[in-house]
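Structure at a glance
The primary structure of each chain is shown beneath.
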Amino acid sequence: MSSVVFPTPASSSSSSTPKKPINLLRGWPAKSLLPASSIARASQTALADPEIAYPALLYGPDPGYQPLREELAQWLNRFYKPWTPAQPEPDRITISGGASQSIACVLQSYTDPVYTRSVWMVAPCYFLACPIFLDSGFEGRLKAVPEDDEGIDLAWLEAGLKSMEEEDEGKNSRDKPVYKDPKPYRKIYKHLIYCVPSFSNPSGKTMSLRRRDGLVKLARKYDALVVCDDVYDMLQWPTATPSTLSSFPPSDLTTAILPRLADIDFSLGCSAHDPPSKHFGHAISNASFSKLSGPGMRTGWTFSTPDFAFGLSQTGSTRSGGAPSQLNAAVLCEMLRAGDLEAHIEGLLKPAYQKRHALLLEAVGRVLVPLGAVVNESSLEGSEIDESKKSVFGGYFLWMKFPDGPAAKAIAEMCQLEEELIVGFGDMFEVHGDEEAVRFGNGIRLCFAWEDEGDLVEGVERLGRVISRMRNEPGRKLVEGSRASGKGMDEFK
Ligand SMILES: Cc1ncc(COP(=O)(O)O)c(C=O)c1O
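Residues numbered from 1 in each chain as written. Predicted model: local features only at pLDDT ≥ 70, side-chain atom pairs only at ≥ 80, totals over all residues. Heavy atoms only, no water.

**Quick word on the site of the ligand**
Around the ligand sit 15 residues, and of these S100, D229, Y232, S288 and S290 come closest. A distance of 2.7 Å separates a nitrogen atom of the ligand from a polar side-chain atom of D229. For the ligand, whose unbound accessible area comes to 400 Å², protein coverage reaches 99%. Every element with two or more residues in the shell around the ligand is listed here: helix 5 (99–110) and helix 10 (290–293). Across the shell around the ligand, the residue classes break down as 6 nonpolar, 5 polar and 4 charged. (Near = heavy atom within 4 Å. Polar contact = N/O pair within 3.5 Å; in protein donor to acceptor, adjacent residues only side chain to side chain. Areas by Shrake-Rupley, 256 points an atom, 1.4 Å probe, with all protein chains shown as cover. Helix = DSSP H or I, 4+ residues; strand = E, 2+ residues; numbered from the N terminus. Nonpolar A, V, L, I, M, F, W, Y, C, P; charged D, E, K, R; others polar.)

Listed below in structure tokens is the structure:
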């Protein structure tokens, strides 16, 4: 960040009561939305029964705690119906230490830092995914692919894939993995594609069915693996306004609107890139309990072909000790069995997020739209699904642009210094090392999951005041000195 800062205006510096800090960047669930008592009950059940407690407290199997794989298989079959198999298939599931840790394992097992050419990332991207790819040797090889209302730009992606293929023609060094031996139970992919197909972080958008189909087809053509962070799929509701909340109960939406990319890919069978008698597939669902039961559980799951799941479970760090989060997996299994997790999602999370989203959207419409904000109001804006579903929203984030300025980074700095308000600014969500390709200098992300309802509205009002001041005094200079805490942005999701 710049070493110079905007002066504190007379109005706020003279105030004797310091402003309450408001953080609309932090992508965490509010403390009031954590299911502590159900977790306590499930823990009690698990630990009081030696049949559950002993396996839960010991090393577990490589693919994960088997009873949770079975419970999950049933739950996911219900949620993703009609795209799921007739019978639940636990062998397509592995238990992970959450979506972030799981990406690292996928990279360890299924990519080679030389043979795997690039990681293609939908931009704007979940910024904390970038360092996971960099740690696996992809510095300088993350490639931004823009998204429109329907999701990833397939023409842009294919042009990039094609040009890399042309570059590699005749180069022997690109023929086979250099540092990894895939063994019979794994394969090394030529490309990786990373996206958040439903209720994306940060844009809130949902990829349409035809884009999902198109993306799977491209992945199968160019031997790419699509890693889908499906971490928000279950958090969806009909968009409402504060006055119409009771007319659109979120309980109307208890199943997925669209198939996972993994479902689409699976339905097409093996591809030309699968080795004989193996089916690794080209898309996996990388999901997590973080946004459902609380991120402190550090537990998630993957859903893929059975061959991919087995290969993933053979990642070295998993084999030494078995899948991570064994005890938490047992607790979550008890929550699922008792119906407590679904009750928490349907009874508390979805109504709470629906209301928070409605309040935030209303405040944004009243305060920021007149100041030039262009807002993503529906997650499914560009989708070809039936009209009634277009007004569905989900996830944690509202994304907006200020096409006529001021620059989002300057807005965010001023918010922090003058209003004790933290917001996400577009530059943060550009793809690391490929920022020039797709810029978001005028984007702002607001999270409605963390702060209380009243503070969401107050936050938007503070943001509006900052933008008005910047508009009214375009010549204001940055000066030394700050009241703000100066906290780094890295701790926020
Ligand atoms: C798209 C996306 N993926 C992954 C994560 C982190 O998931 P986990 O806590 O399971 O590592 C987040 C959290 O904000 C996210 O938004």
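Next comes the rest of the account.
**Considerations on the domain arrangement of the chain**
Taken domain by domain, the chain consists of domain 1 (10–34 + 343–472) and domain 2 (37–338). Taking only C-alpha atoms, the centre of domain 1 and the centre of domain 2 are 27 Å apart. Between domain 1 and domain 2, the residue contacts involve 46 residues of the former and 51 residues of the latter. Summed over both sides, the interface of domain 1 with domain 2 buries roughly 4200 Å², with 67% coming from carbon and sulfur. Taken together, domain 1 and domain 2 are joined by 0 salt bridges. (Domains from an automatic or database assignment. Contact = heavy atoms within 4.5 Å. Buried area = accessible area lost by both parts, 1.4 Å probe. Salt bridge = Lys/Arg side-chain N within 4 Å of Asp/Glu carboxyl O.)

**Structural notes on unusual backbone geometry**
The linkage connecting K81 with the following residue, P82, adopts the cis geometry, with an omega of 5°. Position of P82 among the secondary structure elements: in the loop between helix 4 (66–79) and strand 2 (93–96). Residue P406 follows G405 across a cis peptide bond; omega there is 0°. Within the fold, P406 resides in the loop between strand 13 (397–401) and helix 15 (408–419). Despite not being glycine, K183 has its phi angle at roughly 55°, a positive value. On the secondary structure map, K183 appears in the loop between helix 7 (154–168) and strand 6 (191–195). A relative accessible area of 42% means that K183 is categorised as partly exposed. (Buried < 20%, exposed > 50% of the residue type's maximum accessible area, 1.4 Å probe, protein only.)

**So, the sheet that holds strand 15 (residues 424–425)**
Pairing within the open sheet is antiparallel, and its 4 strands lie in the order 11-13-16-15. A single partner strand is all that each edge strand has here, and the edge strands are strand 11 (374–375) and strand 15. Pairing of strand 13 with strand 16 (residues 443–447), which is carried by 5 bridges, proceeds in the antiparallel orientation. Among the inter-strand pairings, L398 is bridged to a residue of strand 16, identified as L446. Contacting strand 11, strand 13 and strand 16, helix 14 (residues 340–368) crosses the sheet at an angle of about 15° to strand 13. (Pairing = 2+ DSSP bridges. Axes fitted to C-alpha atoms, helices over the stretch in contact; angles between N-to-C directions.)

**A closer look at helix 7**
With 15 residues, helix 7 extends 21 Å between its outermost C-alpha atoms, agreeing within 8% with the 21 Å of an ideal straight helix rising 1.5 Å per residue. Of the residues making up helix 7, those classed as buried are L154, L157, G160, L161, M164 and D168. Down the axis, helix 7 shows its buried residues gathered within 130° of arc, on one side only. In helix 7, the exposed positions angled more than 90 degrees off the buried face are occupied by A155 and E166. Where helix 7 is buried, its residues meet strand 3 (118–123), strand 4 (142–148), strand 5 (151–152), strand 6 and helix 8 (209–221). (Expected span 1.5 Å × (residues − 1). Arc of directions from axis to C-beta.)

**Observations concerning empty space enclosed by the protein**
All told, the structure shown has 3 cavities of 30 Å³ or more when counted by the stated rule. Reported here for the largest cavity is a volume of approximately 120 Å³. In this structure, the largest cavity is lined by 17 residues; those nearest its centre are S198, R212, D233, I257 and L258. Looking at side-chain class alone, the lining of the largest cavity contains 10 nonpolar, 3 polar and 4 charged residues. (1 Å grid on protein atoms, 1.4 Å probe; cavity = no way out; pocket = protein on both sides within 12 Å on 5 of 7 lines; lining within 4 Å. Points joined across faces, edges and corners; volume = space filled by probe spheres on them.)

**Remarks on the pairing of strand 9 (residues 283–288)**
Buried residues dominate strand 9, accounting for 6 of its 6 residues. Burial along strand 9 is two-sided: the face carrying A283, S285 and A287 and the face carrying I284, N286 and S288 are both buried. Here 4 bridges tie strand 7 (residues 224–229) to strand 9, and the two strands are oriented parallel to one another. What sits directly across from C228, in strand 9, is S285. Across 4 bridges, the pairing between strand 9 and strand 10 (residues 300–303) is antiparallel. Bridging from a neighbouring strand, A287 pairs with W301 of strand 10.

**Considering the packing of helix 4 against helix 13 (residues 326–338)**
At their nearest, the axes of helix 4 and helix 13 sit 9 Å apart, and the two run at 40° to each other. Taken together, the axis directions place helix 4 and helix 13 in an arrangement best described as oblique. Considering the relative orientation of helix 4 and helix 13, their crossing is left-handed. Where helix 4 approaches helix 13, its residues P67, L68, E71, L72 and W75 are matched on the opposing element by A329, L332, C333, L336 and R337. (Parallel < 35°, antiparallel > 145°, perpendicular 65-115°, else oblique. Left-handed = near helix turned anticlockwise from the far one by under 90°.)

**Digging into the sheet that holds strand 9**
Strands belonging to one sheet form pairs held by backbone hydrogen bonds; the direction of such a pair is parallel or antiparallel. The 8 strands are arranged 2-10-9-7-6-3-4-5 in an open sheet whose pairing can be described as mixed. Looking at the sheet topology across the chains shown, the edges are occupied by strand 2 and strand 5. Two strands pair when backbone bridges link them, and strand 4 and strand 5 are joined in this way by 2 bridges, in the antiparallel orientation. Looking across to strand 5, one finds that E147 is bridged to I152.

**Some thoughts on helix 5**
Working note: α-helix, 3.6 residues per turn, so residues spaced by three or four point in the same direction. For helix 5, which comprises 12 residues, the first-to-last C-alpha distance of 16 Å matches the rise-based estimate of 16 Å (1.5 Å per residue) to within 8%. Along helix 5, the residues classified as buried are A99, S102, I103, C105, V106, L107, S109 and Y110.

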